[in-house]
Each structure stands twice: as C-alpha cells, then as structure tokens.
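Chain residues, written in single-letter form:
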Amino acid sequence: MDIDLTARTVAHGEPWRVAGTTLASRFFLGTSHYPSPQILSDAVRASATQVLTVGLRRLQPESGGGNSFWQRIQALGCHILPNTAGCHSAQEAITLAQMAREIFGTAWIKLEVIGDDYTLQPDTLATLEAATTLAKDGFAVFAYTTDDLVMAQRLHGAGCAAVMPWAAPIGTGRGPLNPYALETMRRRLPDAVLIVDAGLGRPSHAAQVMELGFDAVLLNTAVAQAGDPVRMARAFADGVAAGRAAYESTPMPERAAAQASTPTVGMPFWHAP
C-alpha cells in the first residue's frame, strides 16, 4: 500500500504556546538514527511536527561534513531545538548552548547533562545549575530531567520554558514506568509547560501521557528505528492528538464497581427472575 508522504492536517486541538511561540502540533521529533536522510524528511512530514531537535555534537552546519544535512533540516521549515546531548557537566552544557545560539540563530536549547553513561540518566543537580545560568542569559531552556517532582519544581522556578521529564530511560521504548509520578507532576505544576521526553516506544504510550495532561511529547528512537519510520511517525501523531483530545474531553471517573450503562428502571419489558 502506498503511503501519502505529504504533510497532512492532524487534529491537534487548540493551538498552544511555549517559549513565546504558538504551535499547533504537540509532537516534537528528533533527527538522529534514521535509515537515510530521505526517510527522515518523509517521517517529519508525515508527523506534521513543527519542532525538530538537533544535536550540536552530531551536526555543526558550518562545517563541510554536516552542511548538506543541515540544509535538508532547514528545508523542512520547522523550529529548531538544539540540544546539549553528550555533556557531562553544567559548564560543558552552558558552553555548548552558547555555541548553538550562535550557529543556529535561536535562543531555544534542549538542556541535557548526563550523570550516568549506562542509563543516560540526567545529572539533575548539574542540570539545575546550567538551567539557572542559561535562563538568566536569555535562553528558552527545555530541561531534560527525571520524573522527580521536587527537581521539576526547581527547574520551573529557575525560569525554564519547559520541564521535560522522562517516561523511561532514553531509547528503551518501555513507556511510562511511573505514571503516578507523571500525574502528580502535572497536578502540582499546573502552570508549567511539561513535555515528556524519552522512553516512549509506542503511540499508545504517547496517548497515555497526553491523557495525563502533558503539553507535548518529544521522541526520536521510537520513530527512527521502527521498521517503517514514516508510518510510525504518522501513528505517533495520531496517538498524541488522541491523547490530548481525551484529556480535553474530561474522561469519566474510575469506579470501584460495575455500573450498567443501560438503565433498567422504567423499561417496558422487564421480567424479574
């Protein structure tokens, strides 16, 4: 079956704002590990995303090696969210963010400071240190963190444009390991922009966190390493949209006991046993 690779309209719901920018899509997409540049372009179009994250360590558009790839990214017409992937200290991340602002011409930065190379768990203390400095320097900081509520509160208080807790470790695709923590974070930070970043593997995972009221999701591996990245990008877009629509529609409350959906009182033909 042929797939329409052109951009399509997705039922995103109402437009929303982050870092002073109005967006329709609530699906952010990464740009690494795709089978080919053409499949990346096709997946981006199928996803209808408006924000792409790019690793400065992997791509420096002013160097000859990454120039053609950078031109392809630019041609997609999305907002660019550079990231500090690979940094292991606050100062390293700050320096890389400053370079990214000069190279990409944007104050947006996805802040990542890794504390453990095995799990790629962020160093939350170093992240907070770097976020505080960068926010004061005029950056719109999108801070990658764990699902720890107190750290999320501190990052929000430091002036981050968005706090981005993981659902599970990067690249695992296991989905939300602690939905309660994510639900609590959303409830306790009602005015913060919260974006789930990392660990989502299936569109149903995206729908699940969006149903909790998160503002958006950001992922890469689940699309890039799917058997068909283009169709998976489309499926994730549908999952994000469905989850947001469900949240905005106010789901029915859970009940401890069954309750018939069809009333029996007043039915014309009802025979007692």
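Residues numbered from 1 in each chain as written. Predicted model: local features only at pLDDT ≥ 70, side-chain atom pairs only at ≥ 80, totals over all residues. Heavy atoms only, no water.

A short note on the overall build of the chain
- Scanning the chain from terminus to terminus reveals 9 helices and 10 strands.
- Counting only residues that meet the buried cut, the chain has 49% of its 273 residues in that class.
- Taking as baseline every contact in the chain between residues at least 6 positions apart, the subset at least 24 positions apart corresponds to 66%. (Helix = DSSP H or I, 4+ residues; strand = E, 2+ residues; numbered from the N terminus. Buried < 20%, exposed > 50% of the residue type's maximum accessible area, 1.4 Å probe, protein only. Contact = heavy atoms within 4.5 Å.)

Let's talk about the pairing of strand β10 (residues 216–219)
- Alternating residues of β10 divide into Ala216 and Leu218 and Val217 and Leu219, and every residue in both groups is buried.
- Across 3 bridges, the pairing between strand β3 (residues 27–30) and β10 is parallel. Paired with Leu29 across the strands is Leu219, a residue of β10. (Pairing = 2+ DSSP bridges.)

Thoughts on the packing of aromatic side chains
- Within the structure shown, the criterion is met by 4 aromatic pairs.
- The lysine or arginine in question, Lys110, covers the ring of Tyr144, its NZ or CZ lying 6.0 Å from the ring centre. (Phe/Tyr/Trp six-rings, centres within 6.5 Å; stacked < 30°, edge-to-face > 60°. Lys NZ or Arg CZ within 6 Å of the ring centre and 35° of its normal.)

Some remarks on the UniProt feature "active site" (unreviewed entry) in the chain
- Under the UniProt annotation, the feature "active site" (unreviewed entry) is placed at Lys110.
- With respect to the helices and strands, Lys110 occurs in strand β6 (residues 108–111).
- With near-sequence residues (within four places) excluded, Lys110 lies in contact with Thr53, Leu81, Pro82, Asn83, Thr84, Phe142, Met164, Asp197 and Leu218.
- Of note is the side chain of Lys110, whose polar atom sits 3.0 Å from the side chain of Glu112. (UniProt positions renumbered as here; feature names shortened; annotations may be inferred. Polar contact = N/O pair within 3.5 Å; in protein donor to acceptor, adjacent residues only side chain to side chain.)

So, the nonpolar core
- Grouped together as the largest cluster of nonpolar side chains are 60 residues, with contacts concentrated most on Phe27, Val141, Val217, Leu219 and Val223.
- With 8 residues, helix α3 (residues 90–104) is the largest single contributor of residues to this core.
- With near-sequence residues (within four places) excluded, Val141 lies in contact with Ile109, Leu111, Ala131, Leu134, Ala135, Cys160, Ala161 and Ala162.
- Judged by nonpolar contacts, the second largest core, of 16 residues, contains Phe28, Trp108, Ala162 and Ala216. (Core = buried A, V, L, I, M, F, W, Y, C linked by side-chain atoms within 4.5 Å.)

Section: the packing of α3 against helix α4 (residues 124–136)
- Following both chains from N to C, one finds α3 and α4 inclined at 35 degrees, their axes separated by 8 Å at the closest point. Two packed elements cross with a definite hand, and for α3 against α4 that hand is right-handed. Of α4, the residues touching α3 (which contributes Ala90, Ile94 and Ala97) are Ala126, Glu129, Ala130, Thr133 and Leu134.
- Tallied by class, the residues present in the contact of α3 with α4 amount to 6 nonpolar, 1 polar and 1 charged. (Axes fitted to C-alpha atoms, helices over the stretch in contact; angles between N-to-C directions. Left-handed = near helix turned anticlockwise from the far one by under 90°. Nonpolar A, V, L, I, M, F, W, Y, C, P; charged D, E, K, R; others polar.)

Let's talk about unusual backbone geometry
- Of note in the backbone geometry, Ala48 takes a positive phi value of approximately 60 degrees without being a glycine.
- Mapped onto the secondary structure, Ala48 falls in the loop between α1 (37–47) and β4 (51–55).
- The phi dihedral of Ala198 falls on the positive side, at around 95 degrees, and the residue is not glycine.
- Owing to a relative accessible area of 8%, Ala198 belongs among the buried residues under this scheme.

A few points about the side chain of Asn83
- Positionally, Asn83 belongs in strand β5 (residues 79–83).
- Accessibility expressed as a relative area gives 6% for Asn83, which makes it buried.
- Among the polar contacts listed, one links the side chain of Asn83 to the side chain of Thr53, at a separation of 3.1 Å.
- Reaching out from Asn83, the side chain makes a polar contact with the backbone nitrogen of Ala85 at a distance of 3.0 Å.
- Those residues in contact with Asn83, other than ones at most four positions away along the chain, are Thr53, Val54, Gly55, Leu56, Leu96, Ile109, Lys110 and Glu112.

Overview of the environment of His88
- Looking at where His88 falls in the secondary structure, it is placed in the loop between β5 and α3.
- On the basis of relative accessibility, which here comes to 41%, the residue His88 falls in the partly exposed class.
- Residues His88 and Ala126 lie 38 residues apart in sequence; the distance between their C-alpha atoms is 8.4 Å.
- Among the polar contacts listed, one links the side chain of His88 to the backbone oxygen of Gly86, at a separation of 3.0 Å.

A closer look at the packing of α4 against helix α5 (residues 149–157)
- Interaxial distance between α4 and α5 falls to 9 Å at its minimum, and their mutual angle equals 10 degrees. By the angle class used here, α4 and α5 are roughly parallel. Two secondary-structure elements touch here, α4 through Thr124, Leu125, Thr127, Leu128 and Ala131 and α5 through Met151, Arg154 and Leu155.
- Along the lines of polarity and charge, the residues of the contact of α4 with α5 split into 5 nonpolar, 2 polar and 1 charged. (Parallel < 35°, antiparallel > 145°, perpendicular 65-115°, else oblique.)

A short note on the pattern of salt bridges
- Tallied over the entire structure, the rule returns 6 salt bridges.
- For Asp42, the salt bridge goes to Arg45, with nearest N and O atoms at 3.9 Å. Of this pair, Asp42 and Arg45 both sit in helix α1, 3 residues apart, which is roughly one turn of the helix.
- The buried category is assigned to Asp42, whose relative accessible area is 12%.
- On the accessibility criterion, Arg45 (33% relative accessible area) is partly exposed.
- Between Arg101 and Asp137 there is a salt bridge; the shortest N-O distance is 2.9 Å. With Arg101 in helix α3 and Asp137 in the loop between α4 and β7 (140–145), the pair connects residues that are 36 residues apart, well separated along the chain.
- What emerges from the salt-bridge pattern is a single network uniting Lys110, Glu112 and Asp197. (Salt bridge = Lys/Arg side-chain N within 4 Å of Asp/Glu carboxyl O.)

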